[in-house]
Amino acid sequence: MYITVSALSYASRLPESIEKGMIILSKLGQPLPESTSDADIDSCIEQTLFMLNQNSDRVLMNYKRMTDSSKIKAMKFLARLETPCGMARPDLQPFVAMKKVHLSLSHGMCPFSP
């Protein structure tokens, strides 16, 4: 499915790519919101800042590695969706970025971590 999502993005079929990516993320237990509001974004930012403030820069630099394969797959799809969301669903892009931060802080760092 990663190839399908990528191919749709490269073919400028961004809404379809985003839709397929969101379905896959839901199956991986990492759903993204179908619709968003400014209040949702503000809440997500506050949660992200709270999580980041729990760790020093030194701790983050030496953070544990992500080992859960389903979380790593979710991170891969989130990374793939960042640009299409920025172009076709800018309301969703902050949630994609912050979901990557949340997963990294909760489950460890991986090659797709911010």
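For the structure itself, look to the data block above.
Definitions and limits used
- Residues numbered from 1 in each chain as written.
- Predicted model: local features only at pLDDT ≥ 70, side-chain atom pairs only at ≥ 80, totals over all residues.
- Heavy atoms only, no water.
- Axes fitted to C-alpha atoms, helices over the stretch in contact; angles between N-to-C directions.
- Helix = DSSP H or I, 4+ residues; strand = E, 2+ residues; numbered from the N terminus.
- Parallel < 35°, antiparallel > 145°, perpendicular 65-115°, else oblique.
- Contact = heavy atoms within 4.5 Å.
- Nonpolar A, V, L, I, M, F, W, Y, C, P; charged D, E, K, R; others polar.
- Patch = residues over 30% accessible without salt bridge, like charges linked within 9 Å, V, L, I, M, F, W, Y side chains within 5 Å.
- Areas by Shrake-Rupley, 256 points an atom, 1.4 Å probe, with all protein chains shown as cover.
- Salt bridge = Lys/Arg side-chain N within 4 Å of Asp/Glu carboxyl O.
- Lys, Arg positive; Asp, Glu negative; His and termini not counted.
- Charge placed at Lys NZ, Arg CZ, Asp CG, Glu CD.
- Buried < 20%, exposed > 50% of the residue type's maximum accessible area, 1.4 Å probe, protein only.
- Arc of directions from axis to C-beta.
- Disulfide = S-S within 2.5 Å.
- Phe/Tyr/Trp six-rings, centres within 6.5 Å; stacked < 30°, edge-to-face > 60°.
- Lys NZ or Arg CZ within 6 Å of the ring centre and 35° of its normal.

(A) Broad picture of the packing of helix α1 (residues 2-10) against helix α5 (residues 69-88). For the pair α1 and α5, interaxial distance at closest approach is 11 Å and the crossing angle is 10°. Judged by the angle between their axes, α1 and α5 are roughly parallel. Side by side, α1 and α5 meet where Y2, V5, S6, S9 and Y10 of the first sit next to K76, F77, R80, L81 and P84 of the second. Here the residues of the contact of α1 with α5 sort into 6 nonpolar, 2 polar and 2 charged.

(B) Molecular detail of a nonpolar patch on the surface. Where nonpolar side chains cluster on the molecular surface, the patch consists of I45, L49 and L52 and spans about 220 Å² of accessible area. One can find L49 in helix α3 (residues 38-53).

(C) Highlighting a negative patch on the surface. A cluster of acidic residues, D38, D40, D42 and E46, forms a negative patch at the surface. Tracing the backbone shows D42 in helix α3.

(D) Structural detail: α1. When α1 is considered as a whole, its buried residues turn out to be V5, S6, L8 and S9. Here the buried residues of α1 occupy an arc of 160° about the axis, which is enough to place them on one side. Exposed residues pointing more than 90 degrees away from the buried face of α1 are listed as I3 and Y10. Residues of α1 that are buried make contact with α2 (14-27) and α5. Backbone geometry just after α1 places S12 at a positive phi near 60°.

(E) Spatial organisation of the side chain of R80. By the secondary structure assignment, R80 is in helix α5. Buried within the structure, R80 lacks any salt-bridge partner; E82 is the closest side chain of opposite charge, at an N-O distance of 9.5 Å.

(F) Representation of the state of the cysteines. In total, this model carries 0 disulfides according to the counting rule given. The closest cysteine sulfur to the non-disulfide-bonded C44 is located on C85, 13 Å from its own sulfur. Counting only cysteine sulfurs, C85 is the nearest neighbor of C110, a cysteine outside any disulfide, at a range of 17 Å. Judged by relative accessible area, which is 12%, C110 ranks as buried.

(G) Geometry of the pattern of salt bridges. Scanning the model with the defined rule gives 3 salt bridges in all. Close ionic contact of E16 with R13 constitutes a salt bridge, the shortest N to O distance being 2.7 Å. What makes E16 partly exposed here is its relative accessible area of 35%. Between K100 and E82 there is a salt bridge whose closest N-O contact spans 2.9 Å.

(H) Main features of the packing of aromatic side chains. Summed over the entire model, instances satisfying the criterion amount to 1 aromatic pair. Ring centres of Y2 and F77 lie 5.5 Å apart, and the angle between their planes is 75°; this geometry places the pair in the edge-to-face category. Of the two residues, Y2 is situated in helix α1 and F77 in helix α5; the sequence distance between them amounts to 75 residues. Under the relative-accessibility criterion, F77 is labelled buried at 7%. It is K76 that lies over the ring of Y2; its NZ or CZ is 4.5 Å from the centre. Looking at R80, its charged tip hangs above the ring of Y10, at a distance of 4.9 Å from the centre.

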